[in-house]
Amino acid sequence: MGILEKSSVFIQAIKDDFALFEVCGRLAEEGFRRIDIFTPDEYWSGKPLLDSSKAEIEEVVNRLRSTYPGLLVVWRITSVAEHRQPGLTRIEVETHYRNACLDIMRHDGVEHIFIADGDELWRRGLLGRLVAYIEKANPPAVNLGMVPTIGLPGWAVGDAQDGATVYLGPGVKLACCRSPASEVRTFREIRGIIHFTATRKTMQEIIDKHRESGHY
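Residues numbered from 1 in each chain as written. Predicted model: local features only at pLDDT ≥ 70, side-chain atom pairs only at ≥ 80, totals over all residues. Heavy atoms only, no water.

**Concerning the pattern of salt bridges**
Inspection of the entire model under this criterion finds 15 salt bridges. In this structure, the salt-bridge partner of Arg-33 is Glu-5, at a minimum N-O distance of 2.4 Å. Residue Arg-33 is located in the loop between helix H1 (20-30) and strand S2 (34-40), and its partner Glu-5 is located in the segment before strand S1 (7-12); the two are separated by 28 residues in the primary sequence. Arg-33 gets classed as partly exposed once you look at its relative accessible area, which sits at 42%. Arg-34 is the salt-bridge partner of Asp-108, the closest N and O atoms lying 2.6 Å from each other. Residue Asp-108 is located in the loop between helix H3 (90-107) and strand S4 (112-117), and its partner Arg-34 is located in strand S2; the two are separated by 74 residues in the primary sequence. Judged by its relative accessible area of 11%, Arg-34 is buried. Sharing partners across several salt bridges, the network here consists of Glu-94, Arg-98, Asp-117, Glu-120 and Arg-178. (Salt bridge = Lys/Arg side-chain N within 4 Å of Asp/Glu carboxyl O. Helix = DSSP H or I, 4+ residues; strand = E, 2+ residues; numbered from the N terminus. Buried < 20%, exposed > 50% of the residue type's maximum accessible area, 1.4 Å probe, protein only.)

**Looking at the pairing of strand S6 (residues 141-150)**
Remember that side chains alternate between the two faces of the sheet whenever the strand is regular. In terms of burial, S6 is largely enclosed, as 9 of its 10 residues are buried. Across 2 bridges, the pairing between S6 and strand S7 (residues 155-156) is antiparallel. Bridge pairing in S7 links Ile-150 to Trp-155. (Pairing = 2+ DSSP bridges.)

**A closer look at the side chain of Asn-99**
Inspection of the secondary structure assignment puts Asn-99 in helix H3. Asn-99 sits in the buried class, given a relative accessible area of 13%. Within the structure, the side chain of Asn-99 is placed 2.8 Å from the backbone nitrogen of Leu-174, a separation counted as a polar contact. Ignoring anything within four residues of it in the chain, the contact list for Asn-99 reads Lys-173 and Leu-174. (Polar contact = N/O pair within 3.5 Å; in protein donor to acceptor, adjacent residues only side chain to side chain. Contact = heavy atoms within 4.5 Å.)

**Details of helix H2 (residues 51-67)**
An ideal rise of 1.5 Å per residue puts 24 Å on 17 residues; H2 measures up with 24 Å between its terminal C-alpha atoms. Turning to H2, its buried residues are Ser-53, Ile-57, Val-60, Val-61 and Leu-64. Axial view of H2: buried residues confined to an arc of 100°, hence all on one face. Turned more than 90 degrees off the buried face of H2, the exposed positions are Asp-51, Glu-59 and Ser-66. Looking at the buried positions of H2, the neighbouring elements they touch are H1, S2 and strand S3 (72-78). (Expected span 1.5 Å × (residues − 1). Arc of directions from axis to C-beta.)

**Structural notes on H1**
An α-helix turns once per 3.6 residues; consequently, residues spaced three or four apart project the same way. Taken across its 11 residues, H1 has 9 buried, putting it largely inside the fold. Along H1, the positions that sit buried rather than exposed are Leu-20, Phe-21, Val-23, Cys-24, Gly-25, Arg-26, Leu-27, Ala-28 and Glu-30. Taken together, the buried residues of H1 touch S1, S2, H2, S4, strand S5 (120-122) and helix H4 (126-137). Immediately downstream of H1, the backbone of Gly-31 shows phi near 130°, a positive value.

**Points about unusual backbone geometry**
One non-glycine residue with positive phi stands out, namely Asn-138, at about 50°. Here Asn-138 lies in the loop between H4 and S6. Residue classification places Asn-138 among the exposed positions, given a relative accessible area of 57%. For Cys-177, which is not glycine, the phi torsion reads 55° and is therefore positive. Inspection of the secondary structure puts Cys-177 in the loop between strand S9 (174-176) and strand S10 (179-180). By relative accessible area, Cys-177 is classed as buried at 10%.

**Quick word on the packing of aromatic side chains**
Counted by the stated rule, this structure contains 7 aromatic pairs. Relative to Tyr-167, the ring of Phe-114 lies with its centre 5.2 Å away and its plane at 55°, an arrangement referred to as tilted. Within this pair, whereas Phe-114 is found in strand S4, its partner Tyr-167 is found in strand S8 (residues 163-168), the two being separated by 53 residues in sequence. Judged by relative accessible area, Tyr-167 falls into the buried class, the value being 0%. Ring centres of Tyr-133 and Phe-187 lie 5.2 Å apart, and the angle between their planes is 80°; this geometry places the pair in the edge-to-face category. Residue Tyr-133 is located in helix H4, and its partner Phe-187 is located in strand S11 (residues 185-198); the two are separated by 54 residues in the primary sequence. Ring pairing ties together the aromatic residues Phe-32, Phe-114, Trp-122 and Tyr-167, which thus form one cluster. Above the ring of Tyr-43, the side-chain terminus of Lys-47 is found at 4.7 Å from the ring centroid. If you follow Arg-63 out to its NZ or CZ, it ends over the ring of Phe-21, 3.7 Å from the centre. (Phe/Tyr/Trp six-rings, centres within 6.5 Å; stacked < 30°, edge-to-face > 60°. Lys NZ or Arg CZ within 6 Å of the ring centre and 35° of its normal.)

Dropping the structure here:
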């Protein structure tokens, strides 16, 4: 049995930030059979999630289910408050939340967890390369390079050194945001993801995205 039989993509989405349907559609076309979308019920700042944001994600989920009938899309809205503790920063709260999401996926039988954000478009062929490497080397986690896109309109930064964890092996937790609490195999020269880091439909959306971020 190949690893894709017990794999899923973990996507944390608080709204349809930029291109959630296209991002998930590319993952389905690459060969994923399951995507788990987790929606925090509030921002890391404590601001409640808008009903309109939930509706945006629900629309994307329904479009995915109708467009890709062989894809299992699991969508959950889960609590942030239980992960808040005195003295924790936003990014620490987000890390606790992300690890709780991983626990839910693993309890549901997922062993190999891939990670993508709603504004990260995987290049065609990336999944096949990743699966071949994972089956051969059995890494605890994998970090790849990115091509960040910033501004309005978006401009790709070709020589950037940005990277992100895209794979977690069985039982691996996160230490900070998407960074694993384990050894990680890093291949920054493989820029397999186009990350719309600071590109949105309007400048105000770019500003809001950064101010609500766990990194702000």
